[in-house]
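Take a look at the letters that make up each chain.
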Amino acid sequence: MSSSTIQTLKVAVGDRDFTTTAEVNHVDVPVWRVVYHNQFSGSSLHNDIALLVLPSKIAFNSGVAPVCLPSNTRESYVGQRCIVAGWGSLSEGGSTTTTLREVEVPILDNAACQQKYGGSAPGGIIPGMICAGEPQRDACTGDSGGPLVCCNSGKCDQVGVVSWGIGCGHPKYPGVYTRVSHYMDWITKNLAVTP
């Protein structure tokens, strides 16, 4: 992103429908700065993570609540059904939606994910990635950067960030996400610099 794009970038807190500004909890918050991972590779898609740092704290209410960062950096989440959300396409090659959508997807083991992708994964499935999805249930084009959230006993952790995949809901290829727990040191270090 160019610096002029970053200067106009806003986070729409509480927004669910892009076609209206009348949502009760909708607040546009300007982005103070964007922090990219300095080892991101566009060819392998390794280290596909960035932080949007806001100038002030968000006010939480009935429609806006925080999601936790993973506290257990060793948990694999394999076998859990978690939620991916976004405003991306509803089907491969389809148009995007104006209303926030979500779908529950199962977390796969990285070795099984690598086996499914084989040589089709640009840089392989590495520990900094987490795979999730099943036929007809997946993130899609336009969902990139969105959350993969696992909830247990009322606590929800953002375990992934939508990164890449082949197709959408393809029977052979699950969605590939950046594994948040793998980057906790990087996140903590970069969140120490605030406005």
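Residues numbered from 1 in each chain as written. Predicted model: local features only at pLDDT ≥ 70, side-chain atom pairs only at ≥ 80, totals over all residues. Heavy atoms only, no water.

Novice: For this particular structure, what's the right way to read the state of the cysteines?
Specialist: Disulfide: a covalent bond formed between the sulfur atoms of two cysteine residues. If you walk through the whole model with that rule in mind, you get four disulfides. Here Cys 82 engages in a disulfide with Cys 150; their sulfurs sit 1.9 Å apart. With the S-S bond torsion at 95°, the cross-link from Cys 82 to Cys 150 turns out right-handed. A residue pair is termed long-range when its members are at least 10 positions apart, and Cys 82 in strand β5 (residues 81-86) and Cys 150 in strand β8 (residues 147-152) qualify at 68 residues. Between the sulfur atoms of Cys 113 and its disulfide mate Cys 131 the distance is 2.1 Å. Between Cys 113 and Cys 131, the S-S dihedral sits near -80°, and the bridge is therefore left-handed. Separated by 18 residues along the polypeptide, Cys 113 in helix α2 (residues 110-117) and Cys 131 in strand β7 (residues 129-132) bring together distant segments of the chain. By relative accessible area, Cys 113 is classed as buried at 0%. Across the protein, the way the bonded cysteines pair up, counted in sequence order, is 1-5, 2-3, 4-8, 6-7. A disulfide-free cysteine, Cys 68 has its sulfur positioned 7.7 Å from the sulfur of Cys 156, the nearest such atom. (Disulfide = S-S within 2.5 Å. Helix = DSSP H or I, 4+ residues; strand = E, 2+ residues; numbered from the N terminus. Buried < 20%, exposed > 50% of the residue type's maximum accessible area, 1.4 Å probe, protein only.)

Novice: Can you walk me through the environment of Leu 69 in this structure?
Specialist: Following the sequence through the fold, Leu 69 ends up in the loop between β4 (50-53) and β5. Distance from Leu 69 to Thr 98, taken between C-alpha atoms, is 27 Å for residues 29 residues apart in sequence. Discounting chain neighbours no more than four positions away, the residues touching Leu 69 are Asp 157, Val 180, Met 184 and Ile 187. (Contact = heavy atoms within 4.5 Å.)

Novice: What is the right way to look at the nonpolar core in this model?
Specialist: A general feature of soluble globular proteins is that nonpolar side chains tend to end up buried together. Counting 14 residues, the largest nonpolar core has Val 84, Ile 107, Ile 130, Leu 148 and Tyr 177 as the members making the most contacts within it. Here the element with the most residues in this core is strand β6 (residues 101-108); it accounts for three residues. Excluding anything up to four places from it in sequence, Leu 148 contacts Cys 82, Ile 83, Val 84, Val 105, Ile 107, Ile 130, Ala 132, Asp 157, Gln 158, Val 159, Gly 160 and Tyr 177. (Core = buried A, V, L, I, M, F, W, Y, C linked by side-chain atoms within 4.5 Å.)

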